[in-house]
Amino acid sequence: NQTCNSTDLEALLAFSSGLDRKGSRLVGWGPNDAACCSWTGVSCDLGRVVGLDLSNKGLHGGISSAISLLDGLVTLNLSRNSLGGQPPEDLGRLARMRILDLSMNVLSGAFPTSEHGYPAIEVVNVSFNQFKGPHPVFPGATNLMVLDISSNAFSGGINTTALCVAPVKALRFSGNEFTGEIRAGFGRCKMLTELSVDGSGLTGKLPKDLYTISELRRLSLRENQFSGSLGKDLGNLSQLMHIDLSYNMFSGVIPDVFGGLRRLEFLNLATNFLTGTLPASLSSCAMLRVINLRNNSLSGKIAIDFSLLPRLNVLDAGINKLSGPIPRDLMWCTKLRTLNLGRNLLDGEIPESFKHLRSLLILSLAQNGFTNLSSALRVLQHLPKLTSLVLTRSFRGGQTMPMDSISGFKSLQVLVLANCALSGMIQPWLENSKNLRVLDISWNKLSGPIPPWLGNLNNLFYIDLSNNSLSGELPESFTQMKSLISSAYSSEHASIEDLPLFIKKNPSVKLHVLNLSRNNFSGRIPDELSNMSSLEVLNLAHNDLTGFIPSSLTKLTFLSKFDVSYNNLTGDIPTGGQFSTFTKESFVGNAALCFSQNGPCFGKATFEETENDVTDTVSTMPAMTYITAEAGFAFGLLTVCNILFFARAWRAAYFVAVDRFFDMLYVIIRVEVNKLRRKWENKEHP
């Protein structure tokens, strides 16, 4: 009910008129309502506007310079709108403004600052815009505590000297386009508790004075190109709770200085070039919730006392060179939810004590040297919350698929037992996993038919049984799977977003995949497959299937890959729909399969000249043609030899050209080999 100051009223109306669209949630805000203190988002004190909060109100247009006439303004929040252009230069003249939030708009250009601007400012948030140029500094803001400029296009270096004039506590500079090294100067920020400069293109070594910020609680520098070793001075940061230096180029050993970091909760050093053993002093960090050392070159045994880490939620040490058995004292980490030890050199059996990890959701032990898969599955079935189990190439003993004593895995959604040298048949205990969404038991030695009950697992949207010795006809129950029939059911139950990282990173994992290639399946292709309207990949290659390709498969409008090569199929290849996009390679190896009625077929006589035809053609060639060709070749060879022998410069140029040719050939071969290697690694689900 306060009376609105006339100057403030005019300023608000001018600000409003500068908008292209005010949005539908602004009440008041018009020349016919002079009580501006009752307008949406306006706060007053003794009739003066002191707060303007129009966050998330659907505003479009620019910020009028009239906003600077609100000289009593303390808080300005225009975040989460679609405001564009450059903020007004006079914004810094608001002498009482303590909080400025312009985040999550499309503001651009250089952010306007001046030597004496923003004298009372405490919090500045301009994140998630399109600002560019040097990052803003506020030399006259002696009370600045939080500066968030993340997710813009600020460039150049970071002016550490100018940033520490005020008692700043949080600097959030992530997601910009900085260059060069971080220069010394952060040591002057004695009150700094958070420094975040993720993904900003910085290089070089970390400045030593960074380790002197005694109040620092959060240090996040991930996804840059920092190099060098992590100094022992890291142990001086006794208040640290969060360290993220992942996706950089740090090398050397991890300093064993964590005994002094008793408040540490989060440690991420993934994807660097770190070597040596795991620091035993991590055992002293009783508050640790996350340890991520993935994708380095760490070696030796896992010598951490996990009985001292009762709060641990995530342990990811995958893709290293760790050896020895899995520590039995992991059983004390009863809150552990994610455990990834894949792609190491671990051996032995899965400890019986694993059954105590009753909070475990995701487990990857892929590509190690474990033994006794049957024992492992009998232990792991006792984990009531386990949703993802990846054991690719972990067991090389050539065991039979376990048959009995397994009745758990009721919560399992992802099961990958690829390339484990398994023999025997697909066992009925899998039927208990009603929530299964991804099943990959490829590259084994499994035999026998596909059990009909497998088609009753309605949540399955990725099935890979390829490269086995399975036989028999394709079960009709496959065609009734709800996750492949109904797109509505698929969108609700078959999302890949919450799959673990080591599944999502594999490009071969697609939604709605049925891969039965390289087995011994026989009989016809079921016409009912056309009911799988959500199917994107259907691979039936290298089997013994017979009969026609059902023309009804042209109804599969999402089908992007189809392969029935090397079977015994006959008749015409269907036309229309997605079949118009499939190449000849999808159908080769079926001698009686034809492109259309009276069209070319895949029989050898159709696509190639027969041996007799070639012989006849050769026999009719005049003998003089051969004589002429041979004489020409001999003359050319003699000419080249004479030039190379008598012309030194030509000879040198010739051999340089030959060297370059073979160098180029070598590079091409290496590139192709690397591509094949990456495809092979992806196939094995890292």
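Residues numbered from 1 in each chain as written. Predicted model: local features only at pLDDT ≥ 70, side-chain atom pairs only at ≥ 80, totals over all residues. Heavy atoms only, no water.

- Per an unreviewed UniProt entry, the chain goes by Leucine-rich repeat-containing N-terminal plant-type domain-containing protein and derives from Aegilops tauschii subsp. strangulata.
- The Sequence similarities (unreviewed entry) comment attached to the chain in UniProt states, word for word, "Belongs to the RLP family." (UniProt positions renumbered as here; feature names shortened; annotations may be inferred.)

### Observations regarding the overall build of the chain
Alright, step 1. Within the chain one finds 10 helices and 44 strands.
Alright, step 2. Residues counted as buried form 48% of the 686 residues belonging to the chain.
Alright, step 3. Here the chain has roughly 31,300 Å² of accessible surface; of this, 54% comes from carbon and sulfur atoms. (Helix = DSSP H or I, 4+ residues; strand = E, 2+ residues; numbered from the N terminus. Buried < 20%, exposed > 50% of the residue type's maximum accessible area, 1.4 Å probe, protein only. Areas by Shrake-Rupley, 256 points an atom, 1.4 Å probe, with all protein chains shown as cover.)

### Some words on the sheet that holds strand E30 (residues 369-370)
Alright, step 1. Taken in spatial order, the four strands of this open sheet run E24-E26-E28-E30, and their pairing is parallel. Both outer strands of the open sheet, strand E24 (299-300) and E30, are each paired with one neighbouring strand and no more.
Alright, step 2. For strand E28 (residues 345-348) and E30, the ladder comprises two bridges, and the chain directions are parallel. Bridge pairing in E30 places Asp-347 opposite Gly-369. (Pairing = 2+ DSSP bridges.)

### What about the side chain of Ser-200?
Alright, step 1. Structurally, Ser-200 can be placed in the loop between strand E15 (194-196) and strand E16 (203-204).
Alright, step 2. The buried category is assigned to Ser-200, whose relative accessible area is 1%.
Alright, step 3. Beyond its immediate sequence surroundings of up to four residues, Ser-200 is in contact with Phe-173, Ser-174, Gly-175, Asn-176, Glu-177, Phe-178, Glu-223 and Asn-224. (Contact = heavy atoms within 4.5 Å.)

### Structural notes on the state of the cysteines
Alright, step 1. The full count for this structure, using the stated rule, is four disulfides.
Alright, step 2. For Cys-164, the disulfide goes to Cys-189, at an S-S distance of 1.6 Å. Linking Cys-164 and Cys-189, the disulfide has an S-S dihedral of approximately -65° and is accordingly described as left-handed. With Cys-164 in the loop between helix H2 (160-163) and strand E13 (170-172) and Cys-189 in the loop between strand E14 (177-178) and E15, this pair connects stretches of sequence that are 25 residues apart.
Alright, step 3. Looking at Cys-164, the relative accessible area reads 7%, which means it is buried.
Alright, step 4. By relative accessible area, which is 2% here, Cys-189 ends up buried.
Alright, step 5. With its sulfur 1.8 Å from that of its partner, Cys-594 forms a disulfide with Cys-601. (Disulfide = S-S within 2.5 Å.)

### Notes on the pattern of salt bridges
Alright, step 1. For the structure on display, the rule yields 13 salt bridges.
Alright, step 2. In this structure, the salt-bridge partner of Arg-222 is Asp-198, at a minimum N-O distance of 3.0 Å. Placement of Arg-222 in the loop between strand E17 (218-220) and strand E18 (225-229) and of Asp-198 in the loop between E15 and E16 is noted, with a sequence separation of 24 residues between them.
Alright, step 3. What makes Arg-222 partly exposed here is its relative accessible area of 28%. (Salt bridge = Lys/Arg side-chain N within 4 Å of Asp/Glu carboxyl O.)

### Looking at the packing of aromatic side chains
Alright, step 1. Under the definition given, this model contains 16 aromatic pairs.
Alright, step 2. Residues Phe-111 and Tyr-118 carry aromatic rings whose centres are separated by 6.3 Å and whose planes lie at 25° to one another, so their mutual orientation is stacked.
Alright, step 3. The exposure class assigned to Phe-111 is buried, which follows from its relative accessible area of 7%.
Alright, step 4. One aromatic cluster is present, built from ring pairs that chain together Phe-111, Tyr-118, Phe-131, Phe-138 and Phe-154. (Phe/Tyr/Trp six-rings, centres within 6.5 Å; stacked < 30°, edge-to-face > 60°.)

### Things to note about the pairing of strand E6 (residues 82-85)
Alright, step 1. Pairing of strand E4 (residues 60-61) with E6, which is carried by two bridges, proceeds in the parallel orientation. Across the sheet, the residue bridging to Gly-61 is Leu-83, located in E6.
Alright, step 2. Inspection of the sheet shows E6 paired to strand E8 (residues 106-109) by two bridges, in the parallel sense. Looking at E8, one finds that Gly-84 is bridged to Val-106.

### Some points on the sheet that holds E18
Alright, step 1. Strand order across the open sheet formed by four strands is E16-E18-E20-E22, with parallel pairing between neighbours. Here the strands that pair on one side only, and so sit at the sheet edges, are E16 and strand E22 (273-275).
Alright, step 2. Alignment of E16 against E18, held across two bridges, turns out to be parallel. Bridge pairing in E18 links Thr-203 to Gln-225.

### Re the environment of Ser-466
Alright, step 1. Among the structural elements, Ser-466 can be located in the loop between strand E36 (462-464) and strand E37 (469-472).
Alright, step 2. Sequence-wise, Ser-466 and Leu-514 are 48 residues apart; in three dimensions their C-alpha atoms are separated by 9.4 Å.
Alright, step 3. At 3.3 Å, the side chain of Ser-466 and the side chain of Asn-467 are in polar contact. (Polar contact = N/O pair within 3.5 Å; in protein donor to acceptor, adjacent residues only side chain to side chain.)

### Some thoughts on the confidence of the model for the chain
Alright, step 1. Residues at a pLDDT of 70 or more form 82% of the chain, whose mean pLDDT is 84.
Alright, step 2. Every residue in residues 604-635 is under pLDDT 50, and counting partners more than four places away or in other chains gives 11 contacts.
Alright, step 3. Low confidence marks residues 678-686, where pLDDT is under 50. Its contacts with residues over four positions away, or in another chain, come to 29 contacts. (pLDDT = per-residue confidence, 0-100.)

### Here we look at the side chain of Gln-427
Alright, step 1. Within the element layout of this structure, Gln-427 appears in the loop between strand E33 (423-424) and strand E34 (438-440).
Alright, step 2. Leaving out residues up to four positions away in the same chain, Gln-427 has contacts with Met-401, Pro-402, Met-403 and Trp-453.

### What about the pairing of strand E26 (residues 321-324)?
Each regular strand displays side chains that alternate between the two surfaces of the sheet.
Alright, step 1. Alignment of E24 against E26, held across two bridges, turns out to be parallel. When the bridges of E26 are listed, Ser-299 appears paired with Lys-321.
Alright, step 2. In terms of strand pairing, E26 meets E28 through two bridges, oriented parallel. In the strand pairing of E28, Ser-323 is matched with Leu-345.

### A short note on the nonpolar core
Alright, step 1. Formed by 170 residues in total, the largest nonpolar core has its most connected members in Phe-186, Phe-354, Leu-389, Leu-465, Phe-562 and Phe-587.
Alright, step 2. Put simply, the parts of the chain that give this core at least two residues each are helix H1 (6-17), strand E2 (42-45), strand E3 (48-53) and helix H3 (373-380).
Alright, step 3. Excluding residues within four positions of it along the chain, Phe-587 makes contact with Ile-549, Phe-562, Val-564, Ser-565, Ile-573, Phe-579, Phe-582, Leu-593 and Phe-602.
Alright, step 4. Ranked by size, the runner-up nonpolar core spans 10 residues in total, among them Ala-366, Val-390, Val-438 and Tyr-462. (Core = buried A, V, L, I, M, F, W, Y, C linked by side-chain atoms within 4.5 Å.)

### What to know about H1
Alright, step 1. With 12 residues, H1 extends 17 Å from end C-alpha to end C-alpha; this agrees with the ideal 16 Å at 1.5 Å per step.
Alright, step 2. A side-chain oxygen of the first residue of H1 lies 2.9 Å from the backbone nitrogen of Thr-7; this N-cap is Asn-5. (Expected span 1.5 Å × (residues − 1).)

### Quick word on unusual backbone geometry
Alright, step 1. Unusually for a residue other than glycine, Leu-46 sits at a positive phi of about 55°.
Alright, step 2. The topology assignment puts Leu-46 in the loop between E2 and E3.
Alright, step 3. Leu-46 sits in the exposed class, given a relative accessible area of 79%.
Alright, step 4. The backbone of Arg-393 sits at a positive phi, close to 55°, despite the residue not being glycine.
Alright, step 5. Overall, the relative accessible area of 22% leaves Arg-393 in the partly exposed class.

### With respect to the environment of Leu-312
Alright, step 1. Note on placement: Leu-312 falls in the loop between E24 and strand E25 (314-316).
Alright, step 2. Judged by relative accessible area, Leu-312 falls into the buried class, the value being 0%.
Alright, step 3. Along the sequence, Leu-312 and Leu-288 sit 24 residues apart, while their C-alpha atoms lie 5.7 Å from each other.

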